[in-house]
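Report on the structure
Residue-level listing of the chains:
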Amino acid sequence: MTTSTLDSQSFSANAPGPQGLLTVQNLHKLFPVGGTPTHPKQLHAVDGVNFSIGEGESVGLVGESGCGKSTLIRLITRLLDPTDGQIWFNQELISPISSRHFSQHPMRSQLQMVFQDPTDSLNPRYTAFDTITEPLKRLGNMRDRQALRDRASELAELVGLPSELLPRFPHQLSGGQKARVGIARAIALNPKLLILDEPTSALDVSVQAIILHLLADLKQRLGMSYLFVSHDLNVVRLLCDRVLVMYLGKIVEVGTASEIFTQARHPYTQALVDAIPSFESKPKTLALTGEPRSPINPDPQVCRLVGRCPQAGDRCHQDMPELVAIAPKHHVACHWVTDPAFTSTT
Amino acid sequence: MTILSIRDLSVEFRTRSGVVKALEHVSFAVNAGETVGIVGESGSGKSVMAFTLMGILDRAGEVTAGTAHFSPNGEETYDLLKTPEKVLRTLRGKELSMIFQNPRTALNPIRRVGKQIEDVLRCHANLPQTQLKPRALELLASVRIPDPEQRYGAYPYELSGGLCQRIMIALALACSPKLLIADEPTTGLDVTTQATVMNVLRELSVQHQMATVLITHDLALASEYCDRIVVMHAGHVVESAPTHQLFTSPLHPYTAKLIAATPEPHKGFADLLPILGNLPDLRSLTLPPCRFSARCDRHTEVCDQPPLQRGWINDDHFVACWHPLDKPLSTPEATVQSA
């Protein structure tokens, strides 16, 4: 029933069932935002998303704020229940487990997250040691004090946190050190998949470079997969094998990092790549103007980029584009790219 | 024409754990129509400087030395550090205005955004009551807010971050100020919105010959929109030069390291070099003359002896370093010192 909405040639992960480490199929999340019982108003935060992440692969997720990135990762980490669709993790279907029960589920330890702001995501009354050992106690069933102490100093060494800082509280640590504590907590249970929500956006460039090197190093040593959410495309390019570009609840382009940065095809991706500031380049002439369309009860037939897209044509108002493969690992959802008979009206 | 000229500005904060020397001998100038970028890590004193100029420094802060001459029209000159609060109130919002870092906390949450713009106009613009609303709508349109009529009646919480930021800009530019201080105007915005906001700022600064001080930690952004860049580290100006010169031939080791640490489209992972170490504790009584010395790989004994070497390489390139990168490390003084 879920495959009916999928374009058969569009996605290698279309066969029902799990592929790789994480498979997301036809995932929807609608939030009710008022209206009447007969005409409910619903915000389509995630609208029919499909993708998969292989073992040891790192995938970037980019898109502007409000496009549904955070909702998508909350669905995957099972902090929110999806409206429709399946999430397979490690060959097991985890989407039917309610978010209330998932916090005690054995799968929780395999799927961990590093949060955006290292200051806000640490308990101010927990020392670094408490924070790092909390998941070991709750999910890892470790009770022995000496074992906890050994594991904490092992983790601290792994993330490059001097072990004399373990008894300190968050306010006694610098930004980079807090980021390391957050990472140590996330990898404490040897997860298979680490979800990183803008892990460096609150850090200075000097520290950002250190943390990026640390993340690349940890991935190699521990063999984890990453789902890396960011709006800094320069950072995504450095750390990711594949990039998903999201716009208003839909994935509009998927490709290898180098393809996305050098041969982006979707008008939105092109605008995104163009807008990256770089040294000594000219101020940007913007491809996208206007404001995004409302995500509340969007017309299912109209492409979400209509109104901002420089290439929009008649077909974009009548037919929502689906992801279509244009190269073995490169999928685009845009008529302008995939329809040879397409003419833009602007 | 020089709009703002800061000389030798020093600011200290008195705290329970000691005196924090937040700014020391900061000097730079901004001309009409020019955009000067102030870059540096957090904690380097960028925002303290902005607050000092606006006269809204925290009460624990004290200006211990220096002048900040502000001449909005070439006739009168005010020293912003000594101007009485009464006069400052007539200047702020009119000749001198500021865009704050976080628009959501800077805007009044319980007042419609259109009314907030009218408040500024009512104070400074000398417009008849009937002209206030049309002018406010005009301002909303000038910062590319779609459908200004409708947004006029919105509260800040109803608007996206990008729109709030543009409301802040409209507020700051309501009376065509001569000097705009933009403190991280685009943090928290997406790259596409960031480009829109920066383009609006740039256009308006050209139109009104407005001098702009752009405070940012994003070196790449500064390089795109600024004519000149001042690099700050731990309360010191370490280098200041025209943008092109600064990026092609940085002289201070810190500038070079900042450039190397910034991810860029053509840079691979191996080219991304972190800056090791932290900013020194500014409360310390034994701060070295060069506050970068502990993180610097060109540090020699001469660096530890006061005063700090400050010099102009040419008319518009300033650097505060004994061993700038255009000279080989073994200068005669250094060899004498080490011998």
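Residues numbered from 1 in each chain as written. Chains lettered and ligands numbered in written order. Predicted model: local features only at pLDDT ≥ 70, side-chain atom pairs only at ≥ 80, totals over all residues. Heavy atoms only, no water.

1. Considerations on the overall build of chain A
The helix and strand tally for chain A stands at eleven helices and twelve strands. A globule of 346 residues ought to have a C-alpha radius of gyration of about 20 Å, and chain A, at 21 Å, matches this closely. Its C-alpha atoms give chain A principal-axis dimensions of roughly 70 × 50 × 40 Å. Taking all 346 residues of chain A together, the buried fraction comes to 57%. Residue pairs at least 24 apart in sequence account for 63% of intrachain contacts in chain A once pairs closer than 6 positions are excluded. Charge-centre separation for chain A: the mean point of 32 positive side chains lies 5 Å from the mean point of 33 negative side chains. (Helix = DSSP H or I, 4+ residues; strand = E, 2+ residues; numbered from the N terminus. Rg over C-alpha atoms; globule rule 2.2 N^0.38 Å. Buried < 20%, exposed > 50% of the residue type's maximum accessible area, 1.4 Å probe, protein only. Contact = heavy atoms within 4.5 Å. Lys, Arg positive; Asp, Glu negative; His and termini not counted. Charge placed at Lys NZ, Arg CZ, Asp CG, Glu CD.)

2. A look at helix α9 (residues 267-274) of chain A
Counted residue by residue, α9(A) has six buried out of eight residues, so it is predominantly covered. All of the buried residues along α9(A) are A:P267, A:Y268, A:T269, A:A271, A:L272 and A:V273.

3. Some remarks on the packing of aromatic side chains
All names here are of chain B. For the coordinates displayed, the defined rule picks out four aromatic pairs over all chains. With a centroid separation of 6.3 Å and 15° between ring planes, the pair formed by Y155 and Y157 is classed as stacked. According to the relative accessible area criterion, Y157 is exposed, its value standing at 63%. Looking at K133, its charged tip hangs above the ring of Y152, at a distance of 4.6 Å from the centre. (Phe/Tyr/Trp six-rings, centres within 6.5 Å; stacked < 30°, edge-to-face > 60°. Lys NZ or Arg CZ within 6 Å of the ring centre and 35° of its normal.)

4. As for the sheet that holds strand β4 (residues 61-70) of chain B
Residue and element names in this part refer to chain B. The antiparallel open sheet is built from four strands, whose spatial order is β2-β1-β4-β5. Two strands close off the open sheet at either side, each with one partner strand: β2 (18-31) and β5 (78-79). In terms of strand pairing, strand β1 (residues 2-15) meets β2 through ten bridges, oriented antiparallel. Across the sheet, T2 pairs through a bridge with N31, a residue of β2. Sheet strands in contact with helix α1 (residues 46-54) are β1, β2 and β4, and its direction is about 110° off that of β1. (Pairing = 2+ DSSP bridges. Axes fitted to C-alpha atoms, helices over the stretch in contact; angles between N-to-C directions.)

5. A short note on the sheet that holds strand β5 (residues 92-93) of chain A
Residue and element names in this part refer to chain A. Strand order in the open sheet made by the four strands is β2-β1-β4-β5, with antiparallel pairing throughout. The open sheet has two edge strands with one neighbour each: β2 (40-53) and β5. As judged from the five bridges shared by strand β1 (residues 22-35) and strand β4 (residues 84-89), these two strands associate in the antiparallel manner. Each bridged residue has a counterpart across the sheet, and for T23 the counterpart in β4 is W88.

6. Some remarks on a positive patch on the surface
Among the surface-exposed residues, A:K137, A:R143, A:R145 and A:R149 lie close enough to one another that they form a single positively charged patch. You can see A:K137 is positioned in helix α3 (residues 128-138). (Patch = residues over 30% accessible without salt bridge, like charges linked within 9 Å, V, L, I, M, F, W, Y side chains within 5 Å. Areas by Shrake-Rupley, 256 points an atom, 1.4 Å probe, with all protein chains shown as cover. Salt bridge = Lys/Arg side-chain N within 4 Å of Asp/Glu carboxyl O.)

7. Brief notes about the confidence of the model for chain B
Summing up the model confidence of chain B, the mean pLDDT is 87 and the portion of residues at 70 or higher is 96%. Across residues 331-339 of chain B, where pLDDT falls below 50, the model places nine contacts with residues more than four positions away in sequence or in other chains. (pLDDT = per-residue confidence, 0-100.)

8. A short note on the side chain of A:H266
All names here are of chain A. Here H266 shows up in the loop between α8 (257-262) and α9. Judged by relative accessible area, which is 2%, H266 ranks as buried. Discounting chain neighbours no more than four positions away, the residues touching H266 are V252, E253, L305, V332, A333 and C334.

9. Here we look at the interface of chain A and chain B
On the side of chain B, 44 residues touch chain A, which itself brings 34 residues to the contact. For the pairing of chain A and chain B, the buried interface totals around 3,300 Å² over both sides, and the portion due to carbon and sulfur atoms is 61%. For the interface between chain A and chain B, the tally reads zero salt bridges. Our count for the contact surface shared by chain A and chain B stands at five residue pairs in polar contact (both at pLDDT 80 or more). Looking at the side of chain A that touches chain B, the elements that each hand over two or more residues are α6 (205-222), α7 (233-239) and α9 of chain A. Among the elements that line the side of chain A that touches chain B, the one with the most residues is α6(A), at eight residues. (Buried area = accessible area lost by both parts, 1.4 Å probe. Polar contact = N/O pair within 3.5 Å; in protein donor to acceptor, adjacent residues only side chain to side chain.)

10. Examining helix α4 (residues 113-124) of chain B
Its twelve residues give α4(B) an end-to-end C-alpha distance of 17 Å, which sits within 8% of 16 Å, the value for a rise of 1.5 Å per residue. When we look at burial in α4(B), the residues that qualify are B:V113, B:G114, B:Q116, B:I117, B:E118, B:V120, B:L121 and B:H124. (Expected span 1.5 Å × (residues − 1).)

11. Describing the nonpolar core
Residue and element names in this part refer to chain B. The biggest cluster of nonpolar side chains holds 101 residues, and the ones touching the most others in it are F28, L80 and I181. In terms of residues, this core owes the most to one element, helix α7 (residues 161-172), which gives eight residues. Beyond its immediate stretch of four places on either side in the chain, I181 contacts A50, L53, M54, L96, S97, M98, I99, V213 and I215. (Core = buried A, V, L, I, M, F, W, Y, C linked by side-chain atoms within 4.5 Å.)

12. Quick notes on the pattern of salt bridges
Residue and element names in this part refer to chain B. Scanning the entire structure with this criterion turns up 21 salt bridges over all chains. Put simply, E85 and R92 hold a salt bridge, and the shortest N to O gap is 2.7 Å. Residue classification places E85 among the partly exposed positions, given a relative accessible area of 41%. Linking D119 and R111 is a salt bridge whose minimum nitrogen-to-oxygen distance equals 2.7 Å.

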